[in-house]
Amino acid sequence: MSDRPFWETIPLDRMNRTQWESLCDGCGKCCVHKLEDDETGEMFATNVACRLLDVRTARCADYPNRRAHVPECVRLTPAKLATIEWLPSSCAYVRVARGQGLADWHPLVSGDPDSVRKAGISVAGKVISEDHAGELEHHIIDEPL
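The present account deals with the structure reproduced in this document. Small disclaimer: the values here were computed from a predicted structure and weren't measured.

Let's shift gears to the packing of aromatic side chains. Under the criterion given, the structure shown has two aromatic pairs. The interplanar angle of 85° and the centroid separation of 5.2 Å between the aromatic rings of Phe 6 and Trp 7 together place this pair among those described as edge-to-face. Each of the two residues, Phe 6 as well as Trp 7, counts as buried. Ring geometry for Trp 20 against Tyr 93: centres 4.3 Å apart, planes inclined by 35°, an arrangement best described as tilted. Residue Trp 20 is located in helix 2 (residues 17-23), and its partner Tyr 93 is located in helix 5 (residues 92-97); the two are separated by 73 residues in the primary sequence. Residue Trp 20 shares its accessibility class with Tyr 93, and that shared class is buried. For the cation-ring pair, Arg 66 lies above Tyr 63, with the distance from its terminal atom to the ring centre recorded as 3.9 Å.

What follows is the structure, given as structure tokens:
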């Protein structure tokens, strides 16, 4: 038995569901809308979150059933990870796939479920719901959250 944490010893595509889900740090960045220029393919960040994201906590209001409410919600898998270019470099799945390990502020490392917010990584308090946003083009921001 290894003393190293599971994310250092088990490849992403071999993790069980519990291990996979626990890698999510809950930052909410994947739930923030991005706009893509149809002509250039350039991606633009917004400060608008999915209507299911609680903008105060950056948690999904109905995670188990989210795809029933938001069919376009991406279910991240190891296979999809390599094809999704908009995931932030801070994303635990991206970091583990690149062999970088988890950041110090990740709850699995810090032991604090609020460490993501305390480190300023979470979108909590930084986004508005799509229910109140209007046109996404009016919410493009210079730097991704």
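Back to the write-up after that little detour.
Here the focus is a negative patch on the surface. Together, Glu 36, Asp 38, Glu 39 and Glu 85 make up a region of like negative charge exposed at the surface. Structurally, Glu 39 can be placed in the loop between strand 1 (32-36) and strand 2 (43-49).

The strand order 1-2-5 describes an open sheet built from three strands, whose pairing is mixed. Bordering the open sheet on either side are strand 1 and strand 5 (128-129), each of which pairs with just one other strand. Sheet topology note: the strand 1/strand 2 ladder contains four bridges and is antiparallel. Each residue of the ladder has a partner; that of Lys 34, found in strand 2, is Ala 45.

Quick look at the nonpolar core now. Judged by nonpolar contacts, the single largest core of 16 residues is most densely connected at Trp 7, Leu 12, Leu 23, Leu 76, Leu 81 and Tyr 93. For this core, the elements supplying multiple residues, two or more each, are helix 1 (6-9), helix 2 and helix 5. No other element matches helix 5, which puts four residues into this core. Once residues within four sequence positions are removed from consideration, Leu 76 is found in contact with Trp 20, Leu 81, Ile 84, Leu 87 and Tyr 93. Among the nonpolar cores identified, the runner-up in size contains seven residues, and Val 32, Leu 53, Val 123 and Val 127 belong to it.

Glancing now at the layout of surface pockets. The space that makes up the largest pocket amounts to roughly 990 Å³. Every residue lining the largest pocket is counted, 42 residues in all, and those nearest its centre are Cys 30, Cys 31, Arg 66, Cys 73 and Val 74. Elements represented by at least two residues in the lining of the largest pocket include exactly helix 2, strand 1, strand 4 (59-60) and helix 5. In terms of residue count, helix 2 provides more of the lining of the largest pocket than any other element does, four residues in total. Each residue belonging to the lining of the largest pocket can be placed in one class, and the counts come to 27 nonpolar, five polar and 10 charged.

Parameters and conventions
Residues numbered from 1 in each chain as written. Predicted model: local features only at pLDDT ≥ 70, side-chain atom pairs only at ≥ 80, totals over all residues. Heavy atoms only, no water. Phe/Tyr/Trp six-rings, centres within 6.5 Å; stacked < 30°, edge-to-face > 60°. Buried < 20%, exposed > 50% of the residue type's maximum accessible area, 1.4 Å probe, protein only. Helix = DSSP H or I, 4+ residues; strand = E, 2+ residues; numbered from the N terminus. Lys NZ or Arg CZ within 6 Å of the ring centre and 35° of its normal. Patch = residues over 30% accessible without salt bridge, like charges linked within 9 Å, V, L, I, M, F, W, Y side chains within 5 Å. Areas by Shrake-Rupley, 256 points an atom, 1.4 Å probe, with all protein chains shown as cover. Salt bridge = Lys/Arg side-chain N within 4 Å of Asp/Glu carboxyl O. Lys, Arg positive; Asp, Glu negative; His and termini not counted. Charge placed at Lys NZ, Arg CZ, Asp CG, Glu CD. Pairing = 2+ DSSP bridges. Core = buried A, V, L, I, M, F, W, Y, C linked by side-chain atoms within 4.5 Å. Contact = heavy atoms within 4.5 Å. 1 Å grid on protein atoms, 1.4 Å probe; cavity = no way out; pocket = protein on both sides within 12 Å on 5 of 7 lines; lining within 4 Å. Points joined across faces, edges and corners; volume = space filled by probe spheres on them. Nonpolar A, V, L, I, M, F, W, Y, C, P; charged D, E, K, R; others polar.

None of the figures reported here should be taken as evidence of function without further support.
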